[in-house]
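Single-letter residue listing:
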Amino acid sequence: METRGLGVVPGNRIWPVLDGVDLSAGTGEVVGVAGASGAGKSTLLAAISGLVPWHRPARMTGSVLLDGEPVEGLDPAQRAPLLATVLDRPEAQLFLGTPRAELEAVTVLRRTGECDAVAAFGLGPLLDRSTATLSSGERQRVALALGLAGAPGVPVLLDEPTAHLDAAGVAALGELLDGAAREGGCIVLAEQAGWRLREAVGRWVILDGGRAVPAAPPGPPAFPAPPEPPGRESVLRAVGLRLERGRRCLVRDGSFAIRRGEVVVLSGANGSGKSVLARVLAGLERPAAGTVRRAGRVALMLPSDPLQLFEATVAREAASTGAGEEAVARVLRRHGLAALAARAPWTLSRGEARRLVHAVLDLLRPAVTILDEPAQGLDPGNLLRLVDLLHRRAARGRACLILTHREELGAAAHRTLAIRDGRIVEGP
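Just so you know, the residues in each chain are numbered from 1, in the order the chain's sequence is written. Where totals are concerned, whole chains, interfaces and linings use all residues; where local detail is concerned, this predicted model gives features only for residues with pLDDT of at least 70, and gives and counts side-chain atom pairs only at 80 or more. The basis for every side-chain value is the complete set of non-hydrogen atoms in the structure, without hydrogens or water.

## A word on the nonpolar core
The cut-off we apply is this: Think of a nonpolar core as a cluster: buried Ala, Val, Leu, Ile, Met, Phe, Trp, Tyr and Cys residues, connected wherever their side-chain atoms sit within 4.5 Å. Accessible area is worked out with a 1.4 Å probe on protein chains only. A residue is then buried under 20% of its type maximum, exposed over 50%, and partly exposed in between. Here a strand is any run of E in DSSP of at least two residues, a helix any run of H or I of at least four, and the numbering for each starts at the N terminus. Residue contacts are counted whenever heavy atoms from the two residues lie within 4.5 Å of one another.
Phe121, Leu123, Leu158, Leu177, Ile187, Leu189 and Leu197 are the most contacted members of the largest nonpolar core, which has 38 residues in total. Elements supplying a minimum of two residues to this core: strand S3 (29–34), strand S6 (84–86), helix H4 (99–110), helix H5 (116–120), helix H6 (136–148), strand S7 (156–159), helix H7 (167–182) and strand S8 (186–190). With residues near it in sequence (within four places) discarded, phenylalanine 121 still touches Arg141, Leu144, Ala145, Gly169, Ala172, Leu173 and Leu176.

Written out as C-alpha cells, the structure is:
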C-alpha cells in the first residue's frame, strides 16, 4: 500500500488537511500513524479506503496505490475486496443481527477460513448475541476480527483500534498484529495511545503540517495527582445496585459513594457493565435493584459523540446550554475549540468532537460529571489539559467519575474502583 503526494481538502474547508503525504507499507509491515487531534489521521485512512472523496466530499490530489496500481477511480465498494478497513466507530460498520452473521459475511467476501481473531478476542460467547446488546469494547473486538480476517491477503487499515479495548483486548490485538506481520500482512493503523501496542508496531510516522514524517514510538503521558483532597460530603451514592443487560447480570449489590471535589477512575473488562452503570448513575436507565442518590445535577459524556451533538455549528452547540456569549467564548478557548466555532460538529475529528462534548458539560456546571472513555481521539497534550481542567474543577468542589481502560489515568484520580466478577471494588 502506498500514497504519493496525497493531498485532501475537505469540501467544507479552504486549507488542506493532508498536503503531499508520502507513505508506504510493504508486506510484513505494521505501520503506525500518530498526530495531534485533527491532524488528518482518519482522513488519511478514509482516502486510502475510498470513503474520501466518494462518501465524504473533498478535493484530492496525488495517488493511492495498492500492489502498485492506482485506485483513485475505484469507489469503496470496488476497493472492498482489495483491502479491509476498521473505522474508529465500530458501531458504524456492524449491520447484521449477530457477530456470527458478520463473520460469515466477511468470510464469503474474502474467501478466508476460520479467523484467529475469534479465539484471540474471546468472541465465542458473543457470536450468537444480538449485536445491539454488545458493549463498545465487545463491538470493537468484533469489528477488529472482521478486519483482520483479511490479513495477510489484503492490506488492513485500523483507525484507533485500542480506543475501547481493555488490557486483555490490547494484548490480543498485539499478538494478532505480530502474527499478521510474520505471515506477510500489511497493516496501517492510526492510534493516539500507541504505547499500548508496544512492539507490535514496527514503524511510526507522525502527521505534522499535513505531511507524514518518521517518528519515534510514542510514550504514555505522565499525569499529576489531584492537588487537593476531596471533601467529606457525598454528592453521588449508589446503594445495592443490580445491573442487568438482557438476561445477564452485570453487577450485583454494587455500593459506593463519590465525595464533593473527588476524581474517581473506574475500570473493568469489556462487557463488565461500565457504560450501563454510567447511564444508571446519570438517571438515563433504571437499575434492576438498588438506589442512586444524587446531590445536584449529574452530567454524562457518552462513548459515542454523535449521540450528544445536535446543532449546526460548534458555537451553537455550546450556546444550546443557555450560556451567554462571553461564557461560550471562554469555554471554547479553554478546550482549544475557538478556531472551530463556525464548523459543523459532524466535520470534527474524533478528538475535537470529544472536546466539544466536554465543553458543553463544562458549561452546565454539574455537581458530578461522568466521562465514559473520555480519552478517545485525544492526543497526549489534550489529555493532559483535560486532566488539568478536571483537577481545577475538583478544587472548586465539582466531582468527576472517569470510566476508562486507560490505566495511566489512575494516577490523576483520588481513588480507583473496578468492576470485577460482578462487584464494584476498590483498586484498579
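## Some thoughts on unusual backbone geometry
A cis amide bond, omega 5°, links valine 52 with the succeeding residue proline 53. Positionally, proline 53 belongs in helix H2 (residues 51–54). With an omega of 5°, the peptide bond running from alanine 151 to proline 152 counts as cis. Within the fold, proline 152 resides in the loop between H6 and S7. Phi is positive for glutamate 373, close to 50°, though the residue is something other than glycine. Tracing the chain through its elements places glutamate 373 in the loop between strand S16 (368–372) and helix H12 (380–395). Overall, the relative accessible area of 4% leaves glutamate 373 in the buried class.

## Some details on the pairing of S3
Every other side chain in a regular strand lies on the same face of the sheet, so the side chains alternate between the two faces. As a reminder, the rule being used: Strand pairing follows a simple DSSP-based rule, namely that at least 2 bridges must link the two strands.
The element S3 is largely enclosed, with a buried count of five among its six residues. In this structure, S3 lies alongside S8, joined through five bridges in parallel fashion. Of the residues in S8, the one forming a bridge with valine 30 is isoleucine 187. Bridge count between S3 and strand S9 (residues 203–208): four bridges; the pairing is parallel. Bridge pairing links valine 31 to arginine 203 in S9.

## Section: the pattern of salt bridges
Note the following rule: The working definition used for a salt bridge is a side-chain nitrogen of Lys or Arg within 4 Å of a carboxyl oxygen of Asp or Glu.
By the definition in use, this model includes 22 salt bridges. Of the charged contacts, one joins glutamate 426 and arginine 415 as a salt bridge, the two residues approaching to 3.0 Å between their closest N and O atoms. Of this pair, glutamate 426 sits in strand S19 (residues 423–426) while arginine 415 sits in strand S18 (residues 415–420); the two residues are eleven residues apart in sequence, bridging distant segments of the chain. In this structure arginine 415 comes out as buried when scored by relative accessible area, which is 18%. A cluster of three or more residues bridged by salt bridges with shared partners is formed by Asp88, Arg89, Asp305, Arg350 and Arg354.

## Here we look at the sheet that holds S9
Adjacent strands of a sheet pair through backbone hydrogen bonds, lying either parallel or antiparallel. To be explicit about the condition: To get an axis, fit a line to the C-alpha atoms, keeping to the stretch in contact for a helix; angles then go from 0 to 180 degrees between the N-to-C directions.
With respect to topology, six strands assemble into an open sheet ordered S6-S7-S8-S3-S9-S10, the strand pairing being mixed. Bordering the open sheet on either side are S6 and strand S10 (211–215), each of which pairs with just one other strand. Ignoring which end each strand starts from, the neighbouring axes of this sheet average 20° apart. Taken strand by strand, helix H1 (residues 41–49) contacts S3, S6, S7, S8 and S9, and its axis lies near 150° from that of S7. Most of the contacts of H7 go to S8, to which it runs at about 145°, and overall it touches S3, S7 and S8.

## Remarks on the side chain of threonine 369
Following the sequence through the fold, threonine 369 ends up in strand S16. A relative accessible area of 3% means that threonine 369 is categorised as buried. Discounting residues that sit within four places of it in the chain, threonine 369 has contacts with Ala299, Leu361, Arg393, Ala399, Cys400 and Leu401.

## Observations regarding the sheet that holds S19
Ordered in space as S15-S16-S17-S13-S18-S19, the six strands form an open sheet in which the pairing is mixed. In this open sheet, the two edge strands, each paired with only one partner strand, are strand S15 (298–301) and S19. Strand-to-strand twist across the sheet, computed as the mean angle between neighbouring axes with direction ignored, equals 20°. Summarising the sheet, strand S13 (residues 263–268) and S18 pair through five bridges and their orientation is parallel. By the bridge assignment for S18, valine 265 is matched with threonine 416. This element, helix H8 (residues 274–282), spans S13, S15, S16, strand S17 (399–403), S18 and S19 of the sheet and lies at about 150° to S15. The sheet strands contacting helix H11 (residues 350–364) are S15 and S16, and the helix crosses S15 at an angle near 175°.

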